[in-house]
Number of protein chains: 2
Amino acid sequence: MTTAPPSVDVREHILSTAHLIMSGKGFSGVGLNEILRAAHVPKGSFYHYFASKEAFGEALLTRYFEHYLKQMDETFDHAGNGRDQLVAYFEMWAENQSASHPESNCLVVKLAAEVSDLSDTMRRALKAGTDAIVARLTGAVTAGQRDGSIGLKEPAAAVALSLYQSWLGASLIAKIAHNDTPLAAALAETRHRLAIT
Amino acid sequence: MTTAPPSVDVREHILSTAHLIMSGKGFSGVGLNEILRAAHVPKGSFYHYFASKEAFGEALLTRYFEHYLKQMDETFDHAGNGRDQLVAYFEMWAENQSASHPESNCLVVKLAAEVSDLSDTMRRALKAGTDAIVARLTGAVTAGQRDGSIGLKEPAAAVALSLYQSWLGASLIAKIAHNDTPLAAALAETRHRLAIT
DNA sequence: CCGCCCTCTAGACGACTGGTCTAATCGTCC
DNA sequence: GGACGATTAGACCAGTCGTCTAGAGGGCGG
């Protein structure tokens, strides 16, 4: 699909092509051949940049979380109080996870279950990434509790983890239903949970 | 000579063997060869019982939900009020999803993300099954609201779906963390949510 | 300008597995 | 024995991941 010959950063090009394909077919469901054909990169190059498919998967996840966390930080920076930060973030999630943009779907939702039992290194990449996400959410909850925009008394970390898990579950159900209403419902519920009573 | 219908037995045997293996390796991650070897069933027999790997996957899910819903009904029958029914069910979930019993892990958690984009028939099996689960949960929430064991005012269906999604998410995180504490936390939070204020 | 070295590309190849299908065998009953 | 459906054996080829040799390209010292 992607045609540009990026002799500059082939590694990055392979990774971004793979992200596209794997967010549809999963990890075991795609072969290196298909990815490399789509990226117009010969097989010989692949094993120059990556030691194995597993190492490649780990790199894919690491790269994904890097981008993701950066975007998350930007979203938080552009929002006001703690509650607004969280709402803006989950609005973004709902949009990205929509069935109409399969390429921006969350890789945690897509790959976690498949890959956690398959490869310990990939599992650890997933763990590090999700921990970082929850840490940032915890920061926003704490900020919201301090600035008065969030009234919940429970520990910030517990609230953050619970929100994150709910959205993972809602995304899974949205995938099964092939329908975005679970995401809209999750957004409404999140707003409700964070509202000052 | 009541010749027991062996075709049913073999079919069932293949399915139960596959359940075991796939709950570890996923759908695309296992080949028919491995499943059939493990089940001591010759490869040639497979296409006598199933039309394709996809149809096989659909049968696997259907069978899984049949067992699952039956067990769910039994759990509900042995519990008292609506809240107790839900608590008993989620206690069972936490136990089955434990990392130490990978064979009883939830197939929805394991396969939903991988399979929903891969096969529409499998996606629909997943949808029918999860809808049935949420319907039963909704029944228990309604019962609890009626018998006074649940104080929540929100619509029963919304509560049920939200609980189910939270548990899917918690199970995913537990898989990533390779650790059961997220499930214990989910159980505590569920209890808290359902407690009379 | 040349030759050298090292990075990167190229893709054939091997050993194996994937799902699928046809042709033959088996078991049972008439 | 003959017929016939249920069951199996194994061929089939496209695909898998990974290896390997051969060479193109660019930078640099001289």
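Because the structure is predicted, anything quoted here is derived from the model rather than measured.

So, how was this worked out
- Residues numbered from 1 in each chain as written.
- Chains lettered and ligands numbered in written order.
- Predicted model: local features only at pLDDT ≥ 70, side-chain atom pairs only at ≥ 80, totals over all residues.
- Heavy atoms only, no water.
- Salt bridge = Lys/Arg side-chain N within 4 Å of Asp/Glu carboxyl O.
- Helix = DSSP H or I, 4+ residues; strand = E, 2+ residues; numbered from the N terminus.
- Buried < 20%, exposed > 50% of the residue type's maximum accessible area, 1.4 Å probe, protein only.
- Contact = heavy atoms within 4.5 Å.
- Buried area = accessible area lost by both parts, 1.4 Å probe.
- Polar contact = N/O pair within 3.5 Å; in protein donor to acceptor, adjacent residues only side chain to side chain.
- Nonpolar A, V, L, I, M, F, W, Y, C, P; charged D, E, K, R; others polar.
- Axes fitted to C-alpha atoms, helices over the stretch in contact; angles between N-to-C directions.
- Parallel < 35°, antiparallel > 145°, perpendicular 65-115°, else oblique.
- Left-handed = near helix turned anticlockwise from the far one by under 90°.

Novice: Summarise the pattern of salt bridges; cite the residues concerned and give the values.
Specialist: Applying the stated criterion across every chain yields a total of 18 salt bridges over all chains. The shortest N-O distance in the salt bridge between D117(B) and K110(A) comes to 2.8 Å. Of this pair, D117(B) sits in the loop between α6 (107–116) and α7 (120–147) while K110(A) sits in helix α6 (residues 107–116), each in a different chain. The class of D117(B) is partly exposed, set by a relative accessible area of 37%. Of the residues examined, K110(A) reaches a relative accessible area of 2% and is grouped as buried. D120(B) is the salt-bridge partner of R124(B), the closest N and O atoms lying 2.8 Å from each other. Taken together, the residues R124(B) and D120(B), both in helix α7 and four residues apart, mark about one turn of the helix. For D120(B), a relative accessible area of 37% translates into the label partly exposed.

Novice: Describe the interface of chain A and chain B, and please don't skip the residues or the numbers.
Specialist: Interface size, as often reported, equals the accessible area lost upon joining of the parts. Taken together, the contact pairs 32 residues of chain A with 32 residues of chain B. For the pair chain A and chain B, the summed buried surface comes to about 2,800 Å²; carbon and sulfur atoms form 63% of the total. A per-residue breakdown of the area chain A buries against chain B is headed by Q165(A), L172(A) and I176(A), which together make up 22% of the total. Counting the contacts that link chain A with chain B gives four salt bridges. The interface formed by chain A and chain B includes 11 residue pairs in polar contact (both at pLDDT 80 or more). Contributions of two or more residues to the side of chain A that touches chain B are made by α1 (10–25), α6, α7 (120–147), α8 (156–177) and α9 (181–194) of chain A. Tallying contributions element by element places α8(A) first for the side of chain A that touches chain B, with 12 residues. Tallied by class, the residues present in the side of chain A that touches chain B amount to 13 nonpolar, 11 polar and eight charged.

Novice: Any chance you could break down the packing of helix α8 (residues 156–177) of chain B against helix α9 (residues 181–194) of chain B for me, citing the residues and the numbers?
Specialist: All names here are of chain B. One can describe the packing of α8 onto α9 by two numbers: an axis separation of 9 Å at closest approach and a directional angle of 160°. Comparing their axes, α9 and α8 come out roughly antiparallel. Crossing handedness for the pair α8 and α9: right-handed. The residues of α9 that touch α8, namely those facing S162, L163, S166, W167, A170, S171, I173 and A174, are P182, L183, A186, L187, T190, R193 and L194. Its residues assigned to classes, the contact of α8 with α9 comprises 10 nonpolar, four polar and one charged.

Novice: Describe unusual backbone geometry, naming the residues involved and giving the relevant values.
Specialist: All names here are of chain B. Backbone geometry places H40, a non-glycine residue, at a positive phi of 55°. Within the fold, H40 resides in the loop between α2 (32–39) and α3 (43–49). Not every positive phi belongs to a glycine, and H178 is a case in point at roughly 55°. Residue H178 is classed as exposed on the basis of its relative accessible area of 53%.

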